Amino acid sequence: MKHNFNAGPSILPREVFEEASRAILDYNGTGLSILEIGHRTPLFEAVMFETVELLKDLMQLDSGKEVLFLHGGASTQFFQVPMNLLAETGTAAYLDCGVWGTKAIKEAKLFGNVEVVASSKDRNYMYIPKGFEIPSNATYFHYTTNNTIEGTQMHAIPDSKIPLVADMSSDILSRVMDFNRFSLIYAGAQKNIGAAGVNIVVVDKDILGGSNRKLPSMMDYRQHIENGSMLNTPPVFAIYVCLLTLRWLKRQGGVSAIEKMNREKSSLLYGTIDSLPLFKPTVDREDRSHMNVVFVMEDPEKEKLFLDLCKKEGMVGVKGHRNVGGFRISLYNALPLESVKAITDLMRHFAASHS
Ligand SMILES: *Cc1c(COP(=O)(O)O)cnc(C)c1O
């Protein structure tokens, strides 16, 4: 068995893989593969309906929120958000606290003015800026809830008088949050929700239309809402995998239950790192991510030895992102506690023989 710590695409529940495989051969006893059914058939309409309803239920969304399933990855949302929301003469406020946020800022500048309210670039994004003020005359405030590459996470929702927009790609549904405080949430599915190929967008209809910009149909949230995410052929299979994963999450007890399990995993891992001087955490303690745990060793030679050992033991995805180096262990919802026990045992073992 492999222990899969990949950052994304990443581990999904075993049951999801099994059920998705069966549906490829025969979807619900129809004699047809899920890959060959039309998206405008009752078969798929039922999938779309249940996926939307389940997401609304798990996120406890108000009735005013629309749920969309779109193509193009979270990276498409970096420009689709300002394209829809930001007037050319308007200003959007952004928090710069990691590689993904920086990319979102770059794209937003194509459509209007961007005010960066705070940045943690001075220390290589190893912390979350504090005490920043969100200008009340900006159109919206955008931030990344979890910085997948650097391993930091915003633990509280910032106080804001203007609409909040968040990239939640790497921590959506991992912890209880008041999702209704956001005017727009987006997330690529491939980290906590399902397979690559689909984005989740949760949007408050009332904030749309303010940019007065002519939009291509496929870029216009309002048209996607009117057409129930079926303006064109949706990513049928990717949405089906989301449905299976959301059903699994519901069976686990929902977001509050998974948050408890996620805390147990991250406490065990951070506790192990803190107890072994050989391993050095890279981010400020209060900003540590519960999803992506980043750390290094002082000696690159030893880092390589540990990576080799992980590989030998069937542990996948432990190597850090090329921007940061060292190690990154991702603890997404589907990762079992046993995998964290296995790698922390290995870390203790390694430290005992290499200190
Ligand atoms: C992975 C990730 C992205 C990029 O997602 P794509 O679907 O590959 O475009 C954006 N933001 C965050 C926070 C991510 O973790």
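Remember, predicted model here, so these are calculated numbers, not experimental data.

Participant: Mind laying out the environment of Asp299, listing which residues take part and the relevant values?
Facilitator: Tracing the sequence through the fold places Asp299 in the loop between strand E12 (292-297) and helix H8 (300-312). Counting along the chain gives 248 residues from Asp299 to Thr51, while the straight-line C-alpha distance between them is 47 Å. At 2.9 Å, the side chain of Asp299 and the backbone nitrogen of Glu301 are in polar contact.

Participant: Explain the nonpolar core residue by residue, including any values.
Facilitator: One finds Met59, Phe69, Leu95, Phe141, Tyr143, Leu173 and Phe182 to be the most contacted residues of the largest nonpolar core, which totals 61 residues. When residues in this core are grouped by element, the largest group, eleven residues, is from helix H6 (residues 236-252). Setting aside anything within four residues of it in sequence, one finds Tyr143 in contact with Leu95, Met154, Ala156, Ile157, Pro158, Leu164, Val165, Ala166, Asp167, Met177 and Phe182. Within the second largest apolar cluster, 26 residues are counted, among which are Met297, Val318, Leu335 and Ile343.

Participant: Tell me about the pattern of salt bridges, residues and numbers included.
Facilitator: With the rule as written, the count across this model stands at 17 salt bridges. Asp284 is paired through a salt bridge with Arg123; the nearest N and O atoms lie 3.0 Å apart. Of this pair, Asp284 sits in the loop between strand E11 (279-281) and E12 while Arg123 sits in the loop between strand E4 (113-119) and strand E5 (141-144), and the two are 161 residues apart along the sequence. Linking Glu259 and Arg263 is a salt bridge whose minimum nitrogen-to-oxygen distance equals 3.2 Å.

Participant: Pulling in residues and values, what's your account of the environment of Glu286?
Facilitator: With respect to the helices and strands, the residue Glu286 is situated in the loop between E11 and E12. With 48 residues separating them in the primary sequence, Glu286 and Ala238 have C-alpha atoms 35 Å apart. Setting aside anything within four residues of it in sequence, one finds Glu286 in contact with Lys130 and His155.

Participant: Lay out the sheet that holds strand E2 (residues 65-70) in plain terms, naming residues and giving numbers.
Facilitator: By definition, the strands of a sheet pair up through backbone hydrogen bonds, in either a parallel or an antiparallel sense. Taken together, the seven strands give an open sheet; going across it, the order is E2-E10-E9-E8-E5-E3-E4, and neighbouring strands pair in mixed fashion. In this open sheet, the two edge strands, each paired with only one partner strand, are E2 and E4. Strand-to-strand, the axes of this sheet are offset by a mean angle of 20°, without reference to chain direction. Looking at chain direction, strand E3 (residues 91-96) and E5 are connected through two bridges and run parallel. Residue pairing for E5: Ala93 is matched across the bridge by Phe141. Its contacts with the sheet put helix H4 (residues 99-108) on E3, E4, E5, strand E8 (164-167) and strand E9 (184-188), and the angle it makes with E3 is roughly 160°.

Participant: Report on unusual backbone geometry, specifying residues and quantitative values.
Facilitator: For residues that are not glycine, phi is negative in most cases, and the peptide bond is trans in most cases. With an omega dihedral of -10°, the bond running from Gly8 to Pro9 counts as a cis peptide bond. Along the chain, Pro9 falls in the loop between strand E1 (3-4) and helix H1 (14-25). The phi dihedral of Tyr125 falls on the positive side, at around 60°, and the residue is not glycine. With respect to the helices and strands, the residue Tyr125 is situated in the loop between E4 and E5. Although it is not a glycine, Asn212 adopts a positive phi angle of roughly 55°. With respect to the helices and strands, Asn212 occurs in the loop between strand E10 (199-204) and helix H5 (221-226). A relative accessible area of 73% means that Asn212 is categorised as exposed.

About the cut-offs
- Residues numbered from 1 in each chain as written.
- Predicted model: local features only at pLDDT ≥ 70, side-chain atom pairs only at ≥ 80, totals over all residues.
- Heavy atoms only, no water.
- Helix = DSSP H or I, 4+ residues; strand = E, 2+ residues; numbered from the N terminus.
- Polar contact = N/O pair within 3.5 Å; in protein donor to acceptor, adjacent residues only side chain to side chain.
- Core = buried A, V, L, I, M, F, W, Y, C linked by side-chain atoms within 4.5 Å.
- Buried < 20%, exposed > 50% of the residue type's maximum accessible area, 1.4 Å probe, protein only.
- Contact = heavy atoms within 4.5 Å.
- Salt bridge = Lys/Arg side-chain N within 4 Å of Asp/Glu carboxyl O.
- Pairing = 2+ DSSP bridges.
- Axes fitted to C-alpha atoms, helices over the stretch in contact; angles between N-to-C directions.

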